[in-house]
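# Residue-level structural notes
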Amino acid sequence: MQWWSRITLVLMVVMLSLVGRVAQAQNVPEGQLTIAFDATIAPSYLDPAEVAELGPLRFFMRCTTP
Amino acid sequence: MIKPLPGNNMAPCLAESWTESADGLVYEFKLREGLKFHNGDPFTAEDVKFTFERYKGTSAKLLHERVKAVEIVEPYRVRFVLHTPWPDFLTFYGSLATGAGWIVPKKYLEQVGDDGFKQRPIGLGPYRFVSGTPGIELTLEANAQYWRKSPSIQRLVFKGVPERPTRLAMLKTGEADIGYLMIGDEALAIKSDPKLRLAQVISAATWWLEFPEQWNDKSPWHDRRVRLAASLALDKKAINEAERLGLSRLAIQKQFSAASACSSQNRMSISRYMAVAVTRCSRASRRLPVLTWSLPTLR
């Protein structure tokens, strides 16, 4: 293998690994978000079968749409 | 099953597609394959049927009365058969108006029961339950297996804070990153604080005034002109400015959509009707009852 072919190959490997790392970093969730919700979060909020008012519906929407 | 997402008011979710029969009696959902609940149990049509049978939230009686049968066609295909055509059916499975479309895990619920489920709920969403203190706080963490979009925040902590001034104080001290429903004076305080940002949120709910006595022919509200006069008397733009800093959208008044086109002469005669109605009520020492209602709607 020619010397320039080797260099090109090494550069390609390095670039591909960098691209992979960046993509991986973008997909890893991080940090904490503290939310002051405008209602008391009752135990019934945690069961969709019991949702009978607007508060829990808004709460579920927040939890299920990233 | 189906839910509003940006750009699509009825976007595929747990159901990747659905059909409605020509006679409006059958709705069939093709479920997304390969989804797993937070405990690793697979999501199937059994869970959809179980969720329907277990549902007891908003308008559960109506839903159960209208649906004749839920049939599991295949592990990932479920069919709802109605007694009669019912255009509102997809309100239950394609909107935020009820909790019927949030599917719960049959196997897990049969193991832990209703109370066990509330203590340690699992679902199919982007965040899984970690811990919770009823009425106080709830901690969730990102579900790496979520099918649609990887969450960008690892941990969510929800704190139940019904008092608006307390939410504002939490924002100012850094105890909370986001405070919901910041309106009125607190919204003004946020707007004038360079460290905080007031974000406009068009809520999935519409608020309106209801005249519950309009069906009683002895009530002043029975007269449509009185209701129209009351509607005209409200300065909705000013209320929006005062309460919401002008950030809410004023809805079209369905019943009185032509009201804005009223001539000033008509407005005066309408005002006279209102004055007569109010005088009548004053003499009878009673109030004109009005209720405010809200209903989730598609946006």
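Residues numbered from 1 in each chain as written. Chains lettered and ligands numbered in written order. Predicted model: local features only at pLDDT ≥ 70, side-chain atom pairs only at ≥ 80, totals over all residues. Heavy atoms only, no water.

## Digging into the overall build of chain B
- Helices and strands together make up the secondary structure of chain B, namely nine helices and 12 strands.
- A separation of at least 24 residues holds for 52% of the contacts in chain B among residues at least 6 apart in sequence.
- Split by element, the accessible area of chain B, about 17000 Å² in all, is 53% carbon and sulfur. (Helix = DSSP H or I, 4+ residues; strand = E, 2+ residues; numbered from the N terminus. Contact = heavy atoms within 4.5 Å. Areas by Shrake-Rupley, 256 points an atom, 1.4 Å probe, with all protein chains shown as cover.)

## Let's talk about the packing of helix α1 (residues 45-54) of chain B against helix α4 (residues 106-119) of chain B
Residues and elements named next belong to chain B.
- Following both chains from N to C, one finds α1 and α4 inclined at 30°, their axes separated by 11 Å at the closest point. With respect to α4, the axis of α1 lies roughly parallel. In this structure, the crossing between α1 and α4 has a hand that is right-handed. On the side of α1, the interface is formed by E46, D47, F50 and R54, while α4 contributes K106, K107, L109, E110, D114 and F117.
- Taken together, the residues of the contact of α1 with α4 sort by class into three nonpolar, no polar and seven charged. (Axes fitted to C-alpha atoms, helices over the stretch in contact; angles between N-to-C directions. Parallel < 35°, antiparallel > 145°, perpendicular 65-115°, else oblique. Left-handed = near helix turned anticlockwise from the far one by under 90°. Nonpolar A, V, L, I, M, F, W, Y, C, P; charged D, E, K, R; others polar.)

## Things to note about the sheet that holds strand β9 (residues 153-160) of chain B
- Spatial strand order, β7(B)-β8(B)-β9(B)-β1(A)-β10(B): five strands in an open sheet with mixed pairing. The sheet is open, and its two edges are formed by β7 (127-133) and β10 (178-179) of chain B, each paired on a single side.
- Alignment of strand β8 (residues 137-142) of chain B against β9 of chain B, held across five bridges, turns out to be antiparallel. Looking across to β9 of chain B, one finds that E137 of chain B is bridged to K159 of chain B.
- Packing of helix α5 (residues 164-173) of chain B onto the sheet brings it into contact with β1 (30-37) of chain A together with β9 and β10 of chain B, and relative to β1 of chain A it is tilted by some 155°. (Pairing = 2+ DSSP bridges.)

## Some thoughts on the packing of aromatic side chains
All names here are of chain B.
- For the structure on display, the rule yields 15 aromatic pairs over all chains.
- Measuring from ring centre to ring centre gives 5.4 Å for W86 and F92, while their planes differ by 45°; the resulting arrangement is tilted. Of the two residues, W86 and F92, both sit in the buried class.
- Three or more aromatic residues joined by ring pairs make a cluster, and in this case those are Y27, F29, F52, F80, W86, F89, F92 and Y93.
- If you follow R54 out to its NZ or CZ, it ends over the ring of F117, 5.7 Å from the centre. (Phe/Tyr/Trp six-rings, centres within 6.5 Å; stacked < 30°, edge-to-face > 60°. Buried < 20%, exposed > 50% of the residue type's maximum accessible area, 1.4 Å probe, protein only. Lys NZ or Arg CZ within 6 Å of the ring centre and 35° of its normal.)

## A short note on α1 of chain B
Residue and element names in this part refer to chain B.
- Most of α1 sits out of view: seven of its 10 residues are buried.
- Regarding α1, the residues found buried are A45, D47, V48, F50, T51, F52 and R54.
- Among the structural elements, β4 (26-31), α2 (60-66), β5 (67-74), β6 (77-82), α3 (89-94) and α4 are those in contact with the buried residues of α1.

## Topic: the pairing of strand β2 (residues 8-12) of chain B
- With three bridges connecting them, strand β1 (residues 2-5) of chain B and β2 of chain B associate as antiparallel partners. Each residue of the ladder has a partner; that of L5 of chain B, found in β2 of chain B, is N8 of chain B.

## A short note on the environment of V67 of chain B
Residue and element names in this part refer to chain B.
- You can see V67 is positioned in strand β5.
- Overall, V67 belongs to the buried group, its relative accessible area being 6%.
- C-alpha of V67 to C-alpha of L82: the two residues are 15 residues apart in sequence and 4.4 Å apart in space.
- In this view, V67 contacts F52, F80, V81, L82, H83 and F89; residues no more than four positions away in its chain are not counted.

## Some words on the interface of chain A and chain B
- Facing 34 residues of chain A, the contacting portion of chain B comprises 54 residues.
- A buried area of about 4100 Å², summed over both sides, lies between chain A and chain B, and 65% of it is on carbon and sulfur atoms.
- The interface formed by chain A and chain B contains two salt bridges.
- Note that K118 of chain B and E50 of chain A form a salt bridge whose closest N and O atoms lie 2.9 Å from each other.
- Run the count over chain A and chain B and you get 19 residue pairs in polar contact (both at pLDDT 80 or more).
- Mapped onto the side of chain A that touches chain B, the elements with two or more residues apiece are β1 and α2 (54-64) of chain A.
- Grouping the amino acids of the side of chain A that touches chain B by side-chain chemistry returns 20 nonpolar, eight polar and six charged.
- In this sheet, β9 of chain B lies alongside β1 of chain A in parallel orientation, the contact comprising seven bridges. For E30 of chain A, the partnering residue across the bridge sits in β9 of chain B and is I153 of chain B. (Buried area = accessible area lost by both parts, 1.4 Å probe. Salt bridge = Lys/Arg side-chain N within 4 Å of Asp/Glu carboxyl O. Polar contact = N/O pair within 3.5 Å; in protein donor to acceptor, adjacent residues only side chain to side chain.)

## Some words on the packing of α5 of chain B against helix α6 (residues 184-191) of chain B
Residue and element names in this part refer to chain B.
- Direction vectors running N to C along α5 and α6 enclose 15°, while the axes themselves pass 9 Å from each other. One finds that α5 runs roughly parallel with respect to α6. You can see that α5 and α6 cross each other, and the crossing is right-handed. For the pair α5 and α6, the contacting residues are R164, P165, L168, L171 and K172 in the first and E186, A189 and I190 in the second.
- Its residues assigned to classes, the contact of α5 with α6 comprises five nonpolar, no polar and three charged.

## Quick word on the pattern of salt bridges
- Applying the stated criterion across every chain yields a total of 17 salt bridges over all chains.
- Salt bridges sharing partners connect three or more residues here, namely E28, E71, E74, R77 and R79 of chain B.

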